[in-house]
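Now for the letters of each chain:
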Amino acid sequence: MTTGISAAPRRRSLARRFLPLAVAAWAILELWLLSLVADAAGGLTVAALLAGGMALGVVVIKRAGRRAFKNLTDTFQQAQQGVRPTPQQQGSGNGLTMLAGLLLILPGLLSDLAGLLCLLPPVRAWIGRRAARSLERKMAAAPAGSFGDAFQQARIHYPDGKVVQGEVVRDDRPQEPGPSGPDTGYRPPLAP
């Protein structure tokens with residue numbers, strides 16, 4: 001009796017195959033660099049570098065989170081007024097700033113260097129362009145019926161992204177005063 005499922009094992013992608021090896025190599029390199037700095041400048045200097053990197057990372061993440069929340073509230077307020085959000089608010093790079101803060105929080109000198117590089121505006125813009133291009137390619141190559149295909153179809157049918165807020169009021173049924181039972185089919189609106 002066959003179930004239609006092939007018995008051949010699935011091949012893992014190269015990224016999934018080598019990611020654990022890359023993480024292990026990164027950790028070994030970080031430890032080696034920390035030991036070199038500790039031999040040259042002392043253990044207290046290494047501890048101060050790691051503590052400073054963590055403190056800077058927390059400040060960066062907190063600031064990016066506040067800016068993201070402010071952009072979100074501004075966008076909601078503009079949407080309620082019927083104004084379209086500016087492109088500056090839509091893609092302000094808070095995700096890359098938070099990634100930079102996370103890299104700064106991770107203990108190690110290479111991760112701190114990578115975090116500081118992600119804080120530079122030209123590097124952040126370059127990474128953002130590369131990520132956007134990669135996402136566009138993946139969405140365009142999405143098979144029919146997948147989430148990526150649905151996202152692409154939504155962008156095609158509604159390119160301006162306008163949302164009309166309101167509620168539907170039906171005049172075809174008489175409204176009964178007082179609470180209505182489940183058999184009438186009338187439901188009060190969700191928002192007052």
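Residues numbered from 1 in each chain as written. Predicted model: local features only at pLDDT ≥ 70, side-chain atom pairs only at ≥ 80, totals over all residues. Heavy atoms only, no water.

Quick look at a positive patch on the surface
Together, R129, R130, R133, R137 and K138 make up a region of like positive charge exposed at the surface. Within the element layout of this structure, R137 appears in helix α6 (residues 121–140). (Patch = residues over 30% accessible without salt bridge, like charges linked within 9 Å, V, L, I, M, F, W, Y side chains within 5 Å. Areas by Shrake-Rupley, 256 points an atom, 1.4 Å probe, with all protein chains shown as cover. Salt bridge = Lys/Arg side-chain N within 4 Å of Asp/Glu carboxyl O. Lys, Arg positive; Asp, Glu negative; His and termini not counted. Charge placed at Lys NZ, Arg CZ, Asp CG, Glu CD. Helix = DSSP H or I, 4+ residues; strand = E, 2+ residues; numbered from the N terminus.)

Concerning the environment of A68
By the secondary structure assignment, A68 is in helix α2 (residues 43–81). The sequence separation of A68 and G95 amounts to 27 residues, and the corresponding C-alpha distance is 8.7 Å.

Overview of the environment of A125
By secondary structure assignment, the location of A125 is in helix α6. Classification of A125 as partly exposed rests on a relative accessible area of 37%. In this structure, the C-alpha to C-alpha distance between A125 and L96, residues 29 residues apart in sequence, is 9.3 Å. (Buried < 20%, exposed > 50% of the residue type's maximum accessible area, 1.4 Å probe, protein only.)

Topic: α2
Taking 1.5 Å as the rise per residue, α2 with 39 residues should run 57 Å; its terminal C-alpha atoms sit 57 Å apart, in good agreement. Residues of α2 that are buried: V46, L50, G53, G57, V60, A64, N71, D74 and Q78. The first or second residue beyond α2 is G82, which carries a positive phi of 85 degrees. (Expected span 1.5 Å × (residues − 1).)

Remarks on the pattern of salt bridges
For the coordinates displayed, the defined rule picks out one salt bridge. For the salt bridge of D74 with K70, the shortest nitrogen-to-oxygen distance reads 2.9 Å. Taken together, the residues span about one helical turn, with D74 and K70 both in helix α2 at a distance of four residues.

As for helix α5 (residues 109–119)
Along α5, the residues classified as buried are S111, D112, G115 and C118. All buried residues of α5 lie within an arc of 120 degrees about the axis, which places them on one face of the element. Where the residues of α5 are buried, they touch α1 (14–41), α2, α4 (94–105) and α6. (Arc of directions from axis to C-beta. Contact = heavy atoms within 4.5 Å.)

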